[in-house]
Amino acid sequence: MSSNILIIGATGNIGKELVKLLVKNGENIRVMARPTSNTKELNALGVDLFNGDMGDTDSLKGAMNGIDKVFFATPLVPNMVQLSSNIIDAAKDCGVSHLIKISGAGAESEGITLTKWHRAIEKEMEQSGMAYTFLRPNSFMQNYANYSSHTIIDHGAFYAPMGEGQAAFIDARDIANVAYHVITDEGHQNKAYYLSGPKALSNYEIADILSSVTGKMIRYVDVPANDARQSMLTTGMPEIIVDAKMELYQINKLGYASEVSFTVEQITGHKANSFEVFANYYKGVFIK
Ligand SMILES: NC(=O)c1ccc[n+]([C@@H]2O[C@H](COP(=O)([O-])OP(=O)(O)OC[C@H]3O[C@@H](n4cnc5c(N)ncnc54)[C@H](OP(=O)(O)O)[C@@H]3O)[C@@H](O)[C@H]2O)c1
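Residues numbered from 1 in each chain as written. Predicted model: local features only at pLDDT ≥ 70, side-chain atom pairs only at ≥ 80, totals over all residues. Heavy atoms only, no water.

## Digging into the pattern of salt bridges
A pair can form between side chains of opposite charge whenever their charged atoms are brought close.
So, point 1. All chains considered together, the criterion is met by twelve salt bridges.
So, point 2. Asp48 is the partner of Arg30 in a salt bridge, and the nearest nitrogen-oxygen pair spans 3.1 Å. Here Asp48 lies in strand β3 (residues 48-51) and Arg30 lies in strand β2 (residues 28-33), a separation of 18 residues in the sequence.
So, point 3. Residue class for Arg30 comes out buried when judged on its relative accessible area of 18%.
So, point 4. Overall, the relative accessible area of 38% leaves Asp48 in the partly exposed class.
So, point 5. Arg173 serves as the salt-bridge partner of Asp171, at 2.6 Å between the closest nitrogen and oxygen. (Salt bridge = Lys/Arg side-chain N within 4 Å of Asp/Glu carboxyl O. Helix = DSSP H or I, 4+ residues; strand = E, 2+ residues; numbered from the N terminus. Buried < 20%, exposed > 50% of the residue type's maximum accessible area, 1.4 Å probe, protein only.)

## A few points about the nonpolar core
So, point 1. Of all hydrophobic cores here, the largest spans 31 residues; its most connected members are Ile7, Leu18, Phe71 and Leu135.
So, point 2. The biggest single contributor to this core is helix α7 (residues 172-184), with eight residues.
So, point 3. Residues in contact with Ile7, not counting those within four places in the same chain, are Leu18, Val19, Leu22, Arg30, Val31, Met32 and Phe71.
So, point 4. The next biggest cluster of nonpolar side chains, apart from the first, holds 27 residues, and it includes Met64, Ile67, Val96 and Leu114. (Core = buried A, V, L, I, M, F, W, Y, C linked by side-chain atoms within 4.5 Å. Contact = heavy atoms within 4.5 Å.)

## Brief notes about the side chain of Ser85
So, point 1. Looking at where Ser85 falls in the secondary structure, it is placed in helix α4 (residues 80-93).
So, point 2. Only 2.9 Å separates the side chain of Ser85 from the side chain of Glu124, close enough to count as a polar contact. (Polar contact = N/O pair within 3.5 Å; in protein donor to acceptor, adjacent residues only side chain to side chain.)

## Focus on the site of the ligand
So, point 1. Neighbouring the ligand are 23 residues, the closest being Thr11, Asn13, Ser37, Met54 and Asn143.
So, point 2. Within the backbone of Gly9, a nitrogen or oxygen atom sits 3.4 Å from an oxygen atom of the ligand.
So, point 3. Residue Asn13 places a side-chain N or O atom 2.8 Å away from an oxygen atom belonging to the ligand.
So, point 4. The protein chains hide 81% of the 940 Å² of surface that the ligand would expose on its own.
So, point 5. Split by residue class, the shell around the ligand holds ten nonpolar, eleven polar and two charged. (Near = heavy atom within 4 Å. Areas by Shrake-Rupley, 256 points an atom, 1.4 Å probe, with all protein chains shown as cover. Nonpolar A, V, L, I, M, F, W, Y, C, P; charged D, E, K, R; others polar.)

## Quick notes on the sheet that holds β3
So, point 1. Within the open sheet, the seven strands sit side by side as β3-β2-β1-β4-β5-β6-β9. Their pairing is parallel. Looking along the sheet, the strands with just one partner apiece sit at the ends: β3 and β9 (191-195). Recorded for the sheet is a direction-independent mean angle of 20° between the axes of neighbouring strands.
So, point 2. In the packing of helix α5 (residues 113-126) onto the sheet, the strands contacted are β4 (69-72), β5 (98-102) and β6 (131-137), and the crossing angle to β6 comes to about 160°.
So, point 3. Contacts from α7 reach β1 (4-8), β4, β5, β6 and β9 within the one sheet, and its direction differs from that of β6 by about 165°. (Pairing = 2+ DSSP bridges. Axes fitted to C-alpha atoms, helices over the stretch in contact; angles between N-to-C directions.)

Structure, rendered in structure tokens:
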């Protein structure tokens, strides 16, 4: 029997792709979005749209009325754990049976700020009495489209304090596909999945792929950690988030995020997208 599914974070990297898959396959879904969210794509899909906010428990309960399964991806903000607690509490009150969370690679290690935050949320889910699934992805390929495309377009370069470190970047569309199967297939309750792309790559290798796919010279510039930190601070990003991101860069620089897993293929039946596939699909974002 088809379940009633709520998607929270439906305009995000993963959520928007997940919604498309669920709609295409005729699943019974509702999406929650803020009144300020750009819901043009969601409206075009004709989904049941509920106005709510992760910071407002009453709105979360309203969105979860009659819902069996909740997928959520929280933004990377200083109160990420609190926002997630609100979702877990509301789900418990509303009789939700299964919660699916976008976590992060290495959450089980609790080694850095972000993995500590993700693991704190996971623990709360484990103790909630509801079934849970944790998707623990490596860094997204989409980060290059979201954060580096403006300098690539402007002067053909992108900047990061990652040295020659390699990481097994994943296409967010593959994470969405895994989430789709976790939601609609049996056997994924109370599981945690580390998700990666098919190959670990350095930023130098990524620059080569982007150059080859776009037909224009794109360079990677390895920047000192302190310069990267200052540059993020000048964008107005909260210091706690800047420092959390710096820890992640260090992990990537040291090659600790280079492990390749085949979980995407095992769960979806399709090989995880290579960086070349990602770059070809998003090519327009990197060219004027
Ligand atoms: N990027 C990476 O490399 C990476 C790697 C591993 C794990 N992760 C984890 O992935 C998660 C983010 O997933 P994502 O990239 O798919 O999401 P995202 O693109 O950052 O989007 C966040 C979503 O949350 C919504 N949102 C933000 N604040 C909200 C609020 N107060 N109430 C309701 N909705 C709100 C946003 O809606 P609006 O349209 O209104 O803004 C958007 O739909 C984070 O937890 C991060 O730690 C990321």
